[in-house]
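Here is how the chains run, residue by residue.
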Number of protein chains: 2
Amino acid sequence: MSELLQAGKTSDLLQKAQLAKTAAAVMAKTTTVQKNDALRLISSQLLEEQAFILAENEKDITAGRAGGMSESLVDRLKLDKERLSDIAAALIQLTELEDPVGEVLEQWERPNGLAMSKIRVPLGVIGMIYEARPNVTVDASSLCLKTGNAVVLRGSSTAIHSNKALVKVIHHALEKSELPAEAVQLIEDTSRETAAQMFKLNSHLDVLIPRGGAKLIQTVVENASVPVLETGAGNCHVYIDETANAEMAISIALNAKIQRPSVCNACETILVHKEWAKHHLAELLDALQQQAVQIHGDEATQQYGEVIPASEEDWGTEYLGLEVAVKVVDSVDEVIEHINLYGTKHSEAIISETLENVDKFFMEVDSAAVYHNASTRFTDGFEFGFGAEIGISTQKLHARGPMGLPALTSTKYLIQGNGQVK
Amino acid sequence: MSELLQAGKTSDLLQKAQLAKTAAAVMAKTTTVQKNDALRLISSQLLEEQAFILAENEKDITAGRAGGMSESLVDRLKLDKERLSDIAAALIQLTELEDPVGEVLEQWERPNGLAMSKIRVPLGVIGMIYEARPNVTVDASSLCLKTGNAVVLRGSSTAIHSNKALVKVIHHALEKSELPAEAVQLIEDTSRETAAQMFKLNSHLDVLIPRGGAKLIQTVVENASVPVLETGAGNCHVYIDETANAEMAISIALNAKIQRPSVCNACETILVHKEWAKHHLAELLDALQQQAVQIHGDEATQQYGEVIPASEEDWGTEYLGLEVAVKVVDSVDEVIEHINLYGTKHSEAIISETLENVDKFFMEVDSAAVYHNASTRFTDGFEFGFGAEIGISTQKLHARGPMGLPALTSTKYLIQGNGQVK
């Protein structure tokens, strides 16, 4: 920061980060009622100003199409009445969730009479770096406000009109509320240089959360000195053990692969015990192929159906589409080794009736979520019952797996004495 | 990592990090009994081989003195029978602490019948980067082993003989134990290049913990892509409010400043309410000066004693010695603003009988530990009753304030189903 100041650059980023930092101190003092009132105001303001938002969004769509943007990306960028009304409804749902701030996590007394307590406090200022979806602008802002934080948003240049419009509307709502409007800041300069400055802004940002593709996340992890909450890749596995119920195993493998193949908790590799394979693998391959799933199988798998021969690369691939790798294995030990070598520590399932193998799998697979006789598709803040989701952490510090509101908080020790000295 | 491999460098670091990673998978399965047995074996092995350790330590001392090392640094580097026996005793104490691994943190059931639980698991591989004190070698290794982790140690070149000897002895003990000896790795190449590689070794390290001076910690924070647990600087404040009991206030301010001025929880600035100042500041200044404390006072303070005029720089200085900055203030609001501007979010105390001001101070001062009527010197894992301390975190992610054993753990979700699909 001092370098930036020395260079005389009071950049847009630095000014806004400073406003956010000042607002964070105010936010930390706000009550649950004040925060929920503000979320309701944002919800109604979004609906009130929807014509403006949709017109600005249209500018991004037009520019995107003119620049040759694919229709699937255009679809991610697009807002319409229905999507806006979903966004507004999500804000109301958020008001119904418990406020984690102020929760007393522990209380104890020391022999010298010091009364100790550990409470939840906001993180402070959260930097969000994300890609084209403009709904993230509202989503991230509202989650940060609910948890008493300020947020500095840095979205994609392709969504800049939409993001500016949404933040303008959020500001209109916050001005009517008891929260500081400065708690939500949008960086309008979407250059790489500004992003790079944001990565290093430890003086103003308490955490960076990247949301988007693997490349974006990798860039942030590799370059940020601000602590990062890494969300991301899911090379998830379903292992069908020797004793797996065939019907259940096929149903879970199919669900984990095809129910929504583009998401991080979808299955990318199915591992099948050689004995189960003898009786049921042909049926499983057939069921997958009937659902138009392309199968990359190892040599043993090739005996049970017509599949593409799998290469070493397949074991490490997150297809995010209707493709899957299949491997026949000798034992649960081989499975654990395979997953810990090729996996991304996200979600893995074992289908088995052998509890000893389940215990081993639960204990030794090093992933955020491990399932017995259920689909990996349940790794999600809503499915876990958290009521909201910031993302799914694939790192081990701070938060692991689906992150609900508490992931946006820190803690603080309050110590009551009566003159104690050491 | 791929770059390192491509360059054909199977460096010492990479080989040892790989061994640690393999060992971490074994460590995660070990029981509390096995881990405690190993700690006891290390304790007795250190005493058994103390002649070897002290002879190797002597080489570092001789080299240090020959290179012009200051006597205070030599003292930090030095091991003797008494220090080794303290280190051995600490290992026995560690066996008595509860093992956080395996603890069930939460359990709940979802409407679809999924039985969810969240348990504590080891972090994996911890990278420790530290300065001259060789006791950190044993301390860090034992804390990591107790929590089921593997550790990659990178100490100072000035302590290399001591560190090699200590790790050799730890390995001797681990070979007799049921833990893998490879769980403790010492990087013998203490070049900057190797440290820089370690900062980026996300493929092998789950967290980096720097222990040492502000400069070391800053270098790690600025350059590491591996998540960092930041410990460090403490610019701690004692605020004496208008209604503070004079005797208590003076006793706490003195204790916080002089009981051990070189540590991070010592007080660096005393803020005094103007009304209290009128009646008691002269006495406080006198008491400090009687203890040889140099005082840097603002203009108002200068009316109450002979002090060095304070400059802007003093408010941000961690003296770590018998020096203190003193400022007269108008209100608790001014205090909160001052601390949040100049502080390092470590530990701050308010001495007051006005509960309203205490509440405000507790709520609005953004530090890891806030005290009412007690000395900041209590911010310490042992004083908090944790029985061990990894360090004092000054960041807000993962752990804040004194870190006990749970700070070296992560979590994992175990989900039991009976065929659930989404």
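Residues numbered from 1 in each chain as written. Chains lettered and ligands numbered in written order. Predicted model: local features only at pLDDT ≥ 70, side-chain atom pairs only at ≥ 80, totals over all residues. Heavy atoms only, no water.

**Q** Which residues make up the overall build of chain A, and what are the values?
**A** Scanning chain A from terminus to terminus reveals 16 helices and 16 strands. Against the globule reference of 22 Å for 422 residues, chain A gives a C-alpha radius of gyration of 24 Å, in line with a compact fold. Projected onto the principal axes, the alpha-carbon positions of chain A cover approximately 70 × 65 × 45 Å. Within chain A, contacts between residues at least 6 apart in sequence are counted, and of these 71% link residues at least 24 apart. Within chain A, the 58 negative side-chain charges are centred at a point lying 9 Å from the centre of the 37 positive side-chain charges. (Helix = DSSP H or I, 4+ residues; strand = E, 2+ residues; numbered from the N terminus. Rg over C-alpha atoms; globule rule 2.2 N^0.38 Å. Contact = heavy atoms within 4.5 Å. Lys, Arg positive; Asp, Glu negative; His and termini not counted. Charge placed at Lys NZ, Arg CZ, Asp CG, Glu CD.)

**Q** Describe the relation of the copies chain A and chain B, and please don't skip the residues or the numbers.
**A** Copy one and copy two of the chain differ by a rotation about an axis and a translation along that axis. When chain A is fitted onto chain B, the two copies agree to an RMSD of 0.0 Å after a turn of 180° and an axial shift of 0.0 Å. The two molecules are tied by a two-fold rotation axis, judged by turn and shift. Nearest to the rotation axis, the C-alpha of H398 of chain A is located 1.8 Å from it, this being the minimum over chain A. In this assembly the copies share their binding face: 100% of the residues contributing to the interface of chain A also contribute to that of chain B. (Least-squares fit on C-alpha atoms with pLDDT ≥ 70 in both.)

**Q** A description of the pairing of strand β6 (residues 207-211) of chain A should follow, citing residues and the corresponding values.
**A** Residues and elements named next belong to chain A. With respect to burial, β6 is a largely interior element, four of its five residues being buried. Looking at chain direction, strand β3 (residues 125-130) and β6 are connected through five bridges and run parallel. Paired with G127 across the strands is L208, a residue of β6. (Buried < 20%, exposed > 50% of the residue type's maximum accessible area, 1.4 Å probe, protein only. Pairing = 2+ DSSP bridges.)

**Q** Just give me the short version of the sheet that holds strand β9 (residues 294-297) of chain B, but keep the residues and values in it.
**A** If you walk across this open sheet you meet the 10 strands as β1(A)-β2(A)-β16(A)-β13(B)-β12(B)-β7(B)-β8(B)-β11(B)-β9(B)-β10(B), and the pairing is mixed. Two strands close off the open sheet at either side, each with one partner strand: β1 (104-109) of chain A together with β10 (308-309) of chain B. Two elements, β1 of chain A and strand β2 (residues 115-122) of chain A, share five bridges in a ladder whose sense is antiparallel. The residue of β2 of chain A that forms the bridge with W108 of chain A is M116 of chain A. Each of β7 (236-240), β8 (267-273), β11 (323-329) and β12 (347-351) of chain B is contacted by helix α15 (residues 332-342) of chain B, which is oriented at about 140° to β11 of chain B, the strand it contacts most. (Axes fitted to C-alpha atoms, helices over the stretch in contact; angles between N-to-C directions.)

**Q** Go over the interface of chain A and chain B, please, and point to the residues and values.
**A** Contacts between chain A and chain B engage 68 residues on the former and 69 residues on the latter. Taken over both partners, the interface formed by chain A and chain B buries close to 5,700 Å², and the fraction arising from carbon and sulfur atoms is 54%. The largest per-residue losses of area from chain A upon contact with chain B belong to L397, Y413 and K422 of chain A, which jointly make up 14% of the total buried on that side. At the junction of chain A and chain B, the tally comes to six salt bridges. One salt bridge connects E364 of chain B with K29 of chain A, and the closest N-O pair in it is separated by 3.4 Å. Here chain A is connected to chain B by 41 residue pairs in polar contact (both at pLDDT 80 or more). Put simply, the parts of the chain that give the side of chain A that touches chain B at least two residues each are β2, α10 (214-223), α11 (246-258), α16 (355-364), β13 (369-374), β15 (401-403) and β16 (409-420) of chain A. Among the elements that take part in the side of chain A that touches chain B, β16 of chain A stands out by supplying 11 residues, more than any other. Looking at the side of chain A that touches chain B residue by residue, the classes come out as 34 nonpolar, 21 polar and 13 charged. Pairing between β13 of chain A and strand β16 (residues 409-420) of chain B: five bridges, direction parallel. Opposite A374 of chain A, over in β16 of chain B, you have Q420 of chain B as the bridge partner. (Buried area = accessible area lost by both parts, 1.4 Å probe. Salt bridge = Lys/Arg side-chain N within 4 Å of Asp/Glu carboxyl O. Polar contact = N/O pair within 3.5 Å; in protein donor to acceptor, adjacent residues only side chain to side chain. Nonpolar A, V, L, I, M, F, W, Y, C, P; charged D, E, K, R; others polar.)

**Q** I'd like to hear about the domain arrangement of chain A, residue by residue, with values.
**A** Entries for chain A in the domain assignment read domain 1 (2-231 + 404-415) and domain 2 (236-380). Computed from C-alpha coordinates alone, the two centres of domain 1 of chain A and domain 2 of chain A are separated by 37 Å. (Domains from an automatic or database assignment.)

**Q** Which residues make up the pattern of salt bridges, and what values do they have?
**A** It is possible for side chains of opposite charge to pair when their charged atoms get near one another. The final tally for this structure, using the stated rule, is 46 salt bridges over all chains. The partner of D75 of chain A in a salt bridge is R83 of chain A, and the shortest N-O contact between them spans 3.1 Å. When its relative accessible area of 30% is taken as the criterion, R83 of chain A is described as partly exposed. By sharing partners, the salt bridges in this structure join D206 of chain A together with K345, D366, K396 and R400 of chain B into a single network.

**Q** Please provide a residue-by-residue account of helix α12 (residues 274-290) of chain B, values included.
**A** Taking 1.5 Å per residue as the helical rise, α12 of chain B with its 17 residues ought to reach 24 Å, and the 23 Å between its terminal C-alpha atoms agrees with that figure. Tucked into the core, α12 of chain B has its buried residues touching β7, α11 (246-258), β8, β9, α13 (299-302) and β11 of chain B. (Expected span 1.5 Å × (residues − 1).)

**Q** So what's going on with the environment of A88 of chain A? Residues and values would help.
**A** Residue and element names in this part refer to chain A. With respect to the helices and strands, A88 occurs in helix α6 (residues 81-95). Considering only alpha carbons, one finds A88 and P261, 173 residues apart in sequence, at a separation of 27 Å. Once residues lying within four places of it in the same chain are set aside, the contact partners of A88 are S43 and L47.

**Q** Lay out the pairing of β8 of chain B in plain terms, naming residues and giving numbers.
**A** Residues and elements named next belong to chain B. Counted residue by residue, β8 has seven buried out of seven residues, so it is predominantly covered. Crossover connection from β7 via α11 to parallel β8: handedness right-handed. Where β8 lies against β11, five bridges are found, and the strand directions are parallel. Residue V272 lies in a different strand from β11, and its bridge partner there is V328. (Right-handed = clockwise from strand over helix to strand, strands pointing away.)

**Q** I'd like a description of the sheet that holds β6 of chain A, backed by residues and values.
**A** Residues and elements named next belong to chain A. Spatially, four strands are ordered β5-β4-β3-β6 in an open sheet, and the strand pairing comes out parallel. Edge positions in the sheet fall to β5 (184-186) and β6, since each has one partner strand and no second. Adjacent strand axes in the sheet meet at a mean angle of 20°, parallel and antiparallel pairs treated alike. In the packing of helix α2 (residues 12-27) onto the sheet, the strands contacted are β3, β4 (150-154) and β5, and the crossing angle to β4 comes to about 155°.

**Q** Please provide a residue-by-residue account of the side chain of N265 of chain A, values included.
**A** Residue and element names in this part refer to chain A. Within the secondary structure, N265 is located in the loop between α11 and β8 (267-273). Here T379 takes part through its backbone oxygen, which lies 2.8 Å from a polar atom of the side chain of N265. In contact with N265, not counting residues within four places along its chain, are C236, H346, T376, R377, T379 and D380.

**Q** Describe unusual backbone geometry, and please don't skip the residues or the numbers.
**A** All names here are of chain A. The phi torsion at L320 lies on the positive side, around 55°, for a residue other than glycine. By the secondary structure assignment, L320 is in the loop between α14 (312-315) and β11 (323-329). Looking at L320, the relative accessible area reads 38%, which means it is partly exposed.

**Q** Describe in detail the state of the cysteines, supporting the description with residues and values.
**A** Counted under the stated rule, the structure contains zero disulfides over all chains. Here C236 of chain A stays free of any disulfide, with the sulfur of C264 of chain A as its closest cysteine sulfur at 6.8 Å. Summary of cysteine pairing: C267 of chain B is not part of a disulfide, and the nearest cysteine sulfur, belonging to C236 of chain B, is at 7.5 Å. (Disulfide = S-S within 2.5 Å.)

**Q** Go over the packing of helix α3 (residues 32-48) of chain B against helix α6 (residues 81-95) of chain B with me, naming the residues and quoting the values.
**A** Helices that pack against each other are described as a pair by the angle of their axes relative to one another and the distance between those axes. All names here are of chain B. Interaxial distance between α3 and α6 falls to 9 Å at its minimum, and their mutual angle equals 170°. Taken together, the axes of α3 and α6 lie roughly antiparallel to each other. Of the residues in α6, those touching α3 at N36, L39, R40, I42, S43, L46 and L47 are L84, S85, I87, A88, L91, I92, L94 and T95. Of the residues contributing to the contact of α3 with α6, the split by class is 10 nonpolar, four polar and one charged. (Parallel < 35°, antiparallel > 145°, perpendicular 65-115°, else oblique.)

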